[in-house]
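Spelled out from the first residue to the last, the chains are:
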Amino acid sequence: MRLEDCKDDIVRVVVTEEQIKERLAEMGAQISEDYAGEPLVVVGVLRGAVMVVADLVREISIPLHMDWMAVSSYGDSTKSSGVVRILKDLNSDIADVNVLIVEDIIDTGLTLDYLKQYLEARGPKSVRIATFLRKPDAAQVDVPVDYVGFDIPNEFVVGYGLDYAEDYRHLNFVGTLAPHVYGG
Ligand code: 5GP
């Protein structure tokens, strides 16, 4: 869905379609260089990271496997619960391979902190993190993030995989919602 299809619901565009495309190409090139000659599994975190994984892996020029995990997140609210539950685990064995976790957004960092430790316990060669978006609070958590698409302000955003009450995931950009959408 494009901005013109939902103009009334969006207050501000935070990242445009063009910016997304350009940045993912840069990240893909960097990842290809960093993991050249190495076994790589890209682990997407469902459901928010579907778009970024789909577009990012197509910018990676070395062999890789793809796998997915699902963890609980915000539900229908716009505030972090701090609770992380594994809803779907990996299909593949990650022992002795390099794992690159791909997230849609890091806010408090609680989700990734947990996931990283969870996967490290399986004996991979390495576990690194790529995130499409990062909010300022993420700096307070001790999770090293290896690849960041965009640093954004501390606002609730939707689009390009990110939802509000399961809506707006299919926007081809990232934006902030008008108060009337929240019932305000
Ligand atoms: P964290 O554990 O870092 O606080 O939160 C990570 C998860 O919270 C993300 O994977 C995402 O599901 C959700 N989240 C955090 N900030 C936002 C936001 O601005 N918009 C949406 N739609 N989800 C968010």
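Residues numbered from 1 in each chain as written. Predicted model: local features only at pLDDT ≥ 70, side-chain atom pairs only at ≥ 80, totals over all residues. Heavy atoms only, no water.

Novice: Hey, could you go over the overall build of the protein chain for me, with residue numbers and the actual values?
Specialist: A tally of helices and strands in the protein chain yields three helices and nine strands. Whereas a compact globule of 184 residues would reach a radius of gyration of roughly 16 Å, the protein chain reaches 16 Å, a difference of no more than 12%. Summarising its shape, the C-alpha atoms of the protein chain cover approximately 50 × 35 × 30 Å along the three principal directions. Within the protein chain, the proportion of its 184 residues that are buried is 46%. Long-range pairs, those at least 24 residues apart, make up 67% of the contacts in the protein chain with a sequence separation of at least 6. If you average the places of the 17 positive and of the 31 negative side-chain charges in the protein chain, the two averages end up 1 Å apart. (Helix = DSSP H or I, 4+ residues; strand = E, 2+ residues; numbered from the N terminus. Rg over C-alpha atoms; globule rule 2.2 N^0.38 Å. Buried < 20%, exposed > 50% of the residue type's maximum accessible area, 1.4 Å probe, protein only. Contact = heavy atoms within 4.5 Å. Lys, Arg positive; Asp, Glu negative; His and termini not counted. Charge placed at Lys NZ, Arg CZ, Asp CG, Glu CD.)

Novice: Mind laying out helix 3 (residues 110-120), listing which residues take part and the relevant values?
Specialist: Buried within helix 3 we find Leu112, Leu115, Lys116 and Leu119. Buried residues along helix 3 cover an arc of 100° about the axis, so they all sit on one side. Check the buried side of helix 3 and you find it contacts strand 2 (40-46), strand 3 (65-71), strand 4 (86-88), strand 5 (98-106) and strand 6 (126-134). (Arc of directions from axis to C-beta.)

Novice: Provide a residue-level description of the side chain of serine 32, including the pertinent values.
Specialist: Mapped onto the fold, serine 32 is located in helix 1 (residues 17-34). Within polar-contact distance, the side chain of serine 32 engages the backbone nitrogen of serine 61 at 3.0 Å. Excluding residues that lie within four positions of it along the chain, serine 32 makes contacts with Glu59, Ile60, Ser61 and Ile62. (Polar contact = N/O pair within 3.5 Å; in protein donor to acceptor, adjacent residues only side chain to side chain.)

Novice: Talk me through the pattern of salt bridges; I want residue IDs and the actual numbers.
Specialist: Where charged atoms of side chains with opposite charge meet at close range, the side chains can pair. Within this structure, the stated rule accounts for 11 salt bridges. Residues arginine 23 and glutamate 26 are paired through a salt bridge, measuring 2.7 Å at the closest nitrogen-oxygen approach. Highlighted residues: arginine 23 and glutamate 26, both in helix 1, separated by three residues, approximately one helical turn. Since its relative accessible area comes to 24%, arginine 23 is described here as partly exposed. What emerges from the salt-bridge pattern is a single network uniting Arg47, Asp163, Glu166 and Arg169. (Salt bridge = Lys/Arg side-chain N within 4 Å of Asp/Glu carboxyl O.)

Novice: Summarise the environment of serine 32; cite the residues concerned and give the values.
Specialist: Using a relative accessible area of 6% as the deciding quantity, one classes serine 32 as buried. For the pair serine 32 and glycine 149, spaced 117 residues apart in sequence, the C-alpha to C-alpha distance is 16 Å.

Novice: Tell me about the site of the ligand, and please be specific about residues and values.
Specialist: Neighbouring the ligand are 18 residues, the closest being Thr108, Gly109, Thr111, Val157 and Asp163. Between an oxygen atom of the ligand and a side-chain N or O atom of glutamate 103, the distance comes to 3.3 Å. Here an oxygen atom of the ligand and a side-chain polar atom of threonine 111 are 2.5 Å apart. For the ligand, whose unbound accessible area comes to 510 Å², protein coverage reaches 95%. Within the residue set of the shell around the ligand, elements represented by two or more residues are strand 5 and helix 3. (Near = heavy atom within 4 Å. Areas by Shrake-Rupley, 256 points an atom, 1.4 Å probe, with all protein chains shown as cover.)

Novice: Could you give an account of the layout of surface pockets, naming the residues involved and the relevant values?
Specialist: When its volume is computed, the second largest pocket comes out at roughly 190 Å³. Along its surface, the second largest pocket is lined by Glu17, Ile20, Lys21, Leu24, Asp55, Arg58, Glu59, Tyr160 and Asn172. For the lining of the second largest pocket, the element with the most residues is helix 1, which contributes four residues. Of the residues that constitute the lining of the second largest pocket, the class distribution is three nonpolar, one polar and five charged. (1 Å grid on protein atoms, 1.4 Å probe; cavity = no way out; pocket = protein on both sides within 12 Å on 5 of 7 lines; lining within 4 Å. Points joined across faces, edges and corners; volume = space filled by probe spheres on them. Nonpolar A, V, L, I, M, F, W, Y, C, P; charged D, E, K, R; others polar.)

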